[in-house]
Amino acid sequence: MSKAPFNIQDQYLNQSRKERVKVVVRMMSGEALEGHIKSFDNFSLLLDTGGDILIYKHAIATITSVDGTFRLHHHP
């Protein structure tokens with residue numbers, strides 16, 4: 001089975017970045033950060049909160065849109 005060009009994490013982060021969706025990044029510590037995804041790689045996420053915050057993915061519990069309306073487009 002060949003690997004898909006994007007995994008679900010990459011699809012979610014890339015679509016929300018492109019659409020400039022305001023997200024809440026909830027950390028494993030319980031802290032919540034609001035902003036726009038500026039960039040990401042395999043290990044980290046750059047969140048624009050008025051200033052840039054580099055967040056390590058292993059510290060993230062969940063990511064969702066602030067208003068709860070964001071939906072991931074399905075790409076087979």
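Residues numbered from 1 in each chain as written. Predicted model: local features only at pLDDT ≥ 70, side-chain atom pairs only at ≥ 80, totals over all residues. Heavy atoms only, no water.

In the annotation of an unreviewed UniProt entry, the entry for the chain reads RNA-binding protein Hfq, and the organism field reads Trichlorobacter lovleyi. As stated in UniProt under Function (unreviewed entry), the record for the chain gives "RNA chaperone that binds small regulatory RNA (sRNAs) and mRNAs to facilitate mRNA translational regulation in response to envelope stress, environmental stress and changes in metabolite concentrations. Also binds with high specificity to tRNAs." For the chain, the Subunit (unreviewed entry) comment in UniProt is given as "Homohexamer." (UniProt positions renumbered as here; feature names shortened; annotations may be inferred.)

A. Molecular detail of the nonpolar core. Formed by Leu-13, Val-21, Val-23, Val-25, Met-27, Leu-33, Ile-37, Leu-45, Leu-47, Ile-55, Ile-60 and Phe-70, the largest nonpolar core amounts to twelve residues. Of all the secondary-structure elements, those providing two or more residues to this core are β1 (22-27), β2 (32-40) and β3 (44-48). Sort the elements by how many residues they give to this core and β1 lands first, with three residues. Those residues in contact with Val-25 that sit more than four places away from it in its chain are Glu-31, Ala-32, Leu-33, Leu-45, Leu-47, Ile-55, Ile-60, Thr-62 and Ile-63. (Core = buried A, V, L, I, M, F, W, Y, C linked by side-chain atoms within 4.5 Å. Buried < 20%, exposed > 50% of the residue type's maximum accessible area, 1.4 Å probe, protein only. Helix = DSSP H or I, 4+ residues; strand = E, 2+ residues; numbered from the N terminus. Contact = heavy atoms within 4.5 Å.)

B. Here's a closer look at the side chain of Ser-44. As for its placement among the helices and strands, Ser-44 is situated in strand β3. Ignoring sequence-local partners within four residues, the contact set of Ser-44 consists of Leu-54, Ile-55, Tyr-56 and Lys-57.

C. Molecular detail of the packing of aromatic side chains. Applying the stated criterion across every chain yields a total of one aromatic pair. Where Tyr-12 meets Phe-70, the ring centres are 5.0 Å apart and the plane angle is 85 degrees; that geometry is what we call edge-to-face. One end of the pair, Tyr-12, is in helix α1 (residues 8-18); the other, Phe-70, is in the segment after β5 (60-65), and 58 residues separate them in sequence. Residue class for Phe-70 comes out buried when judged on its relative accessible area of 11%. (Phe/Tyr/Trp six-rings, centres within 6.5 Å; stacked < 30°, edge-to-face > 60°.)

D. Fine view of the environment of Met-27. The topology assignment puts Met-27 in strand β1. Setting aside its immediate chain neighbours within four residues, Met-27 contacts Leu-33, Ile-55, Ala-59, Ile-60 and Ala-61.

E. Geometry of the sheet that holds β2. Sheet architecture is open: five strands sit in the order β4-β3-β2-β1-β5, paired in antiparallel fashion. The open sheet has two free edges, formed respectively by β4 (52-56) and β5, since each of these has just one partner strand. The average angle at which neighbouring strand axes cross in this sheet is 45 degrees, direction not considered. Sheet analysis places β1 next to β5, joined by five bridges and oriented antiparallel. From the neighbouring strand, Arg-26 faces β5, where its bridge partner is Thr-62. Along the sheet face, α1 touches β1, β2, β3 and β5 and points at about 95 degrees away from the line of β2. (Pairing = 2+ DSSP bridges. Axes fitted to C-alpha atoms, helices over the stretch in contact; angles between N-to-C directions.)

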